[in-house]
Amino acid sequence: MVAQQIVNGLMLGAIYMLVAVAFTLAIGVLNFLNFSLPGLFMAGGMLAFGLMKAGWPFLLAAAGALAAAAFISLLVERFAYRPMQGGDPEVPLVSSLGFLVLLENLMLVQFGSDQQAFPALLPDLNLRLGGLVIGYAQLASLVLSLGIVAALSFVLAKTAAGRRIRTVAESRETALLMGIDIARLVPQLFVASAALAALAGILFAVNYQQVSPFMGEGVGFKGVAAMIVGGMGSIWGAVLGGLLIGLAEVVSISFIGADVVNITVYGLLLLILIVRPQGLMGRAPSREKL
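Everything numeric in this text was worked out from a predicted model, so none of it was measured.

Asker: Just give me the short version of the confidence of the model for the chain, but keep the residues and values in it.
Answerer: Residues with a pLDDT of 70 or more make up 94% of the chain, whose mean pLDDT is 89. Here strand β2 (residues 126-129) stands out as the element of the chain with the lowest mean pLDDT, 73, in contrast to helix α2 (residues 37-53), whose mean of 96 is the highest.

Asker: Lay out the packing of aromatic side chains in plain terms, naming residues and giving numbers.
Answerer: Tallied over the entire structure, the rule returns 7 aromatic pairs. An angle of 35° between the planes, with centres 5.9 Å apart, marks the rings of F32 and F190 as tilted. Taken as a pair, F32 in the loop between α1 (2-30) and α2 and F190 in helix α8 (residues 182-208) lie far apart in primary sequence, 158 residues in all. A relative accessible area of 3% means that F32 is categorised as buried. Between F204 and Y208 the ring centres are 5.0 Å apart and the planes differ by 40°, which places this aromatic pair in the tilted class. With F204 and Y208 both in helix α8, this residue pair falls 4 residues apart, about one helical turn. For Y208, a relative accessible area of 30% corresponds to the partly exposed category. Chaining the aromatic ring pairs together yields one cluster made of F32, Y81 and F190. Over the ring of F79 we find R78, and its NZ or CZ is 5.5 Å from the ring centre.

Asker: Requested: an account of unusual backbone geometry, with residues and values cited.
Answerer: You will see that N31, though not glycine, has its phi angle at about 55°, which is positive. By secondary structure assignment, the location of N31 is in the loop between α1 and α2. Despite not being glycine, Q209 shows a phi value in the positive range, around 55°. As for its placement among the helices and strands, Q209 is situated in the loop between α8 and β4 (210-211).

Asker: Describe in detail the pattern of salt bridges, supporting the description with residues and values.
Answerer: Think of it this way: side chains of opposite charge can pair up when their charged atoms draw near. Across all of its chains, the model carries 2 salt bridges by this definition. Residues E77 and R82 are paired through a salt bridge, measuring 2.9 Å at the closest nitrogen-oxygen approach. The class of R82 is partly exposed, set by a relative accessible area of 41%. Notably, a salt bridge pairs E249 with K222, separated by 3.1 Å at the nearest N-O pair. With E249 in helix α10 (residues 235-255) and K222 in helix α9 (residues 215-230), this pair connects stretches of sequence that are 27 residues apart. The pair E249 / K222 is uniform in exposure class, with both members buried.

Asker: Now, about α9: what can you tell me, with residues and values included?
Answerer: With 16 residues, α9 extends 23 Å between its outermost C-alpha atoms, agreeing within 8% with the 22 Å of an ideal straight helix rising 1.5 Å per residue. Extensive coverage of α9 is indicated by the burial of 12 of its 16 residues. Of the residues making up α9, those classed as buried are M215, G216, V219, G220, K222, G223, V224, A225, A226, M227, V229 and G230. Considering only its buried residues, α9 is in contact with α1, α2, α8, β4, α10 and α11 (261-275). A positive phi of about 120° marks G231, the residue just after α9.

Asker: Now, about the packing of α9 against α10: what can you tell me, with residues and values included?
Answerer: Where α9 contacts α10, the two axes come as close as 7 Å, and the packing angle between them is 120°. By the angle between their directions, the pair α9 and α10 is classed as oblique. Crossing angle aside, the handedness with which α9 passes α10 is right-handed. Contacts from K222, A225, A226, V229 and G230 of α9 reach α10 at G237, A238, G241, G242, L244, I245 and E249. Across the contact of α9 with α10, the residue classes break down as 6 nonpolar, 4 polar and 2 charged.

Rules used throughout
Residues numbered from 1 in each chain as written. Predicted model: local features only at pLDDT ≥ 70, side-chain atom pairs only at ≥ 80, totals over all residues. Heavy atoms only, no water. pLDDT = per-residue confidence, 0-100. Helix = DSSP H or I, 4+ residues; strand = E, 2+ residues; numbered from the N terminus. Phe/Tyr/Trp six-rings, centres within 6.5 Å; stacked < 30°, edge-to-face > 60°. Buried < 20%, exposed > 50% of the residue type's maximum accessible area, 1.4 Å probe, protein only. Lys NZ or Arg CZ within 6 Å of the ring centre and 35° of its normal. Salt bridge = Lys/Arg side-chain N within 4 Å of Asp/Glu carboxyl O. Expected span 1.5 Å × (residues − 1). Contact = heavy atoms within 4.5 Å. Axes fitted to C-alpha atoms, helices over the stretch in contact; angles between N-to-C directions. Parallel < 35°, antiparallel > 145°, perpendicular 65-115°, else oblique. Left-handed = near helix turned anticlockwise from the far one by under 90°. Nonpolar A, V, L, I, M, F, W, Y, C, P; charged D, E, K, R; others polar.

Structure, rendered in structure tokens:
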């Protein structure tokens, strides 16, 4: 029973992991807590659902949802982030929150407020290991999430593009002196973070076979919690934080009850902040960079 719940928690943590990494890209490089990401998470799942309902095959619907999320993220960058540079850092945050509300209400108008049933892509296909039952869709989501994060970590650490991103994260002034085209790099980072969030929304829809216009809010907060638990600015810290939050949520639901799940999750966040304020993989006293 305990082992099964640990497995279920890791599978849920794969979703939180992608959202946490999306937030990490935004705040680790741009110093911007992008609150449109929960909306893009929701848009990924809802748009994939809507396109499949219109007759598109799953892979094409998922690609369409990712492309739409990337376009929306470019709008966020253009109208919520770029004009506010040099001003109060809180203004872009509030502007991105406005995009979240806008996306939720657009989906509300299009699909209604009721929870929608997402089509089952792999019905009744489970991997059994002893007494453990692992859905193939869940396993594929975990492997895909870890693979994407590993590839992203490699790009950031070993490639010229990654060095440019890390330079911007350390100092914009230095990046400009080195001739890095920040005006081109920033939209690319917005697209990358949007793709991660939207993909997480699609994987959530596939695994839990449900979507709704407000599905991003709870996941978004837990993604932020996962980022903080792991250490702000650390890609692998976001992975660790996402898995821990997923484990805490599932184990809490199973052994304590669904009514206290948020107390458990955010209590874990508070405990880690008290014991290790920089997060599990963060470095004191300054935020760890990518």
